[in-house]
Amino acid sequence: MIIPKADRLSEEQVREVTSIVEEFGCRVQTIVGTHRSVYAILGDERSELLISRIEGLPYIDRVDTIQSPHKLMDVRSDLSSHRIRIGGVTLGEELLVIAGQCTIDPKEPNLFYETAHAVKEAGAHVLRGGVWKPRTTPHSFQGDIHSLDILLEASSRTGLPVNTEVMEEVHVRAVLEAEVAMLQIGTRNALNYSLLRKVGELSGPKERLILLKRGRHMAPPDEFIAAAEYLAAAGNPNVVLCPRGTMPEMEGFRSHPDESITQLLKEKTWAPVVVDPSHSVGKSIYVPACALAAIVYGADGLCIEAHVDPLRGIGDDPKQAVTPETLKKIIEDARRLWSIRERYERAPEATARESA
Ligand code: PEP
Ligand code: MN
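Computed from a prediction, not measured in an experiment: that's the story for all the values here.

1. Some details on helix α8 (residues 261–268)
Item 1. If you check which residues of α8 are buried, you get I261, T262 and L265. Within α8, the buried residues cover an arc of 100 degrees as seen down the axis, which keeps them to one side.
Item 2. For α8, the elements touching its buried residues are α7 (221–233), β12 (239–242), β13 (274–275) and α10 (287–296).

In structure tokens:
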């Protein structure tokens with residue numbers, strides 16, 4: 001990764017750097033941060049000659065090389081000082097809550113507006129609502145483009161930024177055209193590398209956030225982080241990792257709850273982790289405990305399905321959406337656990353591990 005002396009390189013400097021890098025069969029990807037940009041070398045950047053030619057340029061501070069399969073998202077990467085903000089929250093500094101319906105029912109826009117106001121009142125910072133839905137059977141409701149207008153209207157009525165899932169390029173273009181602050185990549189597409197590349201490439205310049213769900217069959221943490229790496233390498237490092245349960249399910253739950261993976265992710269990557277307990281356990285009565293456990297394991301936030309009247313909902317809402325009252329309690333208790341957790345983050349063992 002190329003670190004310039006100034007906050008950004010000029011176009012002419014980018015051209016000069018690019019031509020050197022290309023001589024070595026690599027390419028440069030600009031990663032635009034809020035305060036400054038860094039320039040990733042994609043390909044094998046280990047050639048000493050390549051490094052010294054770049055470091056010899058008067059406007060370059062240094063070239064960082066770390067040997068990691070996910071060198072941009074790695075905790076040792078220069079991007080680790082990058083902070084992601086949404087809904088007035090800087091991730092990592094205080095709890096982030098994303099909440100709202102699984103699915104927006106285009107026939108019931110008022111229910112969604114009521115849910116939007118209620119989750120805001122309960123303390124959520126970002127409103128979620130499914131416009132297009134990945135359904136297990138083609139005969140189920142697949143979503144409706146009109147729901148995007150409902151989502152945007154709810155955003156303007158409440159002032160909350162919004163999150164929705166995209167599954168193909170037309171969705172990506174539609175939400176980038178509209179003011180959708182956070183694009184969700186669902187569990188079924190978590191390893192769809194061409195979609196990941198496309199989302200990274202199109203959303204990066206617009207500085208939108210991406211909520212990347214963990215793949216249902218995704219085993220090791222490295223594979224999850226590598227999926228985030230695709231987004232960053234294509235131009236958008238504003239990735240939030242979202243464990244949401246894996247397969248095979250634990251009997252009684254919808255998935256195999258995986259909130260404890262948060263600890264492992266935190267050791268390897270700087271990316272914030274926002275856990276989705278709703279799809280993990282799949283039943284509203286189990287959601288509070290899973291959500292609170294996620295906070296204990298170190299999550300930076302929660303993504304929770306909530307509905308003013310779950311039984312009138314569609315998609316997952318009747319079975320797994322919590323009411324706004326429950327959401328409010330979860331948020332209050334999550335904040336309490338957050339401060340308890342901080343006592344352990346400052347414990348001697350944690351300090352020793354950090355400096356090891
Ligand atoms: C959802 O958020 O409603 C959803 C379909 O999520 P997942 O991809 O985790 O199943
Ligand atoms: Mn859902």
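2. Regarding the site of ligand 1
Item 1. Residues in close proximity to ligand 1 include C102, G130, P134, E165, G186, T187, K213, R244, H279 and D316, which together make up its full environment.
Item 2. Grouping the constituent residues of the shell around ligand 1 by class yields two nonpolar, four polar and four charged.

3. Considerations on the domain arrangement of the chain
Item 1. With domains assigned, the chain is organised as domain 1 (2–65) and domain 2 (85–345).
Item 2. Taken together, the five residues of domain 1 in the interface contact seven residues of domain 2.
Item 3. At the level of elements, β2 (27–32) and β3 (37–42) are the ones that each hand at least two residues to the side of domain 1 that touches domain 2.
Item 4. By residue number, the principal contributor to the side of domain 1 that touches domain 2 is β2, which donates three residues.

4. Some details on the sheet that holds strand β10 (residues 182–185)
Item 1. Spatially, eight strands are ordered β12-β11-β10-β9-β8-β7-β14-β13 in an open sheet, and the strand pairing comes out parallel. Strands at the two margins of the open sheet, each flanked by one partner only, are β12 and β13.
Item 2. Where strand β8 (residues 126–130) and strand β9 (residues 162–165) come together, two bridges link them in parallel fashion. Looking across to β9, one finds that L127 is bridged to V162.
Item 3. Against the sheet, helix α3 (residues 109–122) makes contact with β7 (96–103) and β8, and its axis sits at roughly 165 degrees relative to β7, the strand it touches most.
Item 4. Here α7 sits on the sheet and contacts β11 (209–213) and β12; the angle it forms with β12, its principal contact strand, is near 160 degrees.

About the criteria used
- Residues numbered from 1 in each chain as written.
- Chains lettered and ligands numbered in written order.
- Predicted model: local features only at pLDDT ≥ 70, side-chain atom pairs only at ≥ 80, totals over all residues.
- Buried ≥ 20, exposed ≤ 12 C-beta atoms within 10 Å, placed from the backbone.
- Helix = DSSP H or I, 4+ residues; strand = E, 2+ residues; numbered from the N terminus.
- Arc of directions from axis to C-beta.
- Contact = placed C-beta atoms within 7 Å.
- Near = placed C-beta within 6 Å.
- Nonpolar A, V, L, I, M, F, W, Y, C, P; charged D, E, K, R; others polar.
- Domains from an automatic or database assignment.
- Pairing = 2+ DSSP bridges.
- Axes fitted to C-alpha atoms, helices over the stretch in contact; angles between N-to-C directions.

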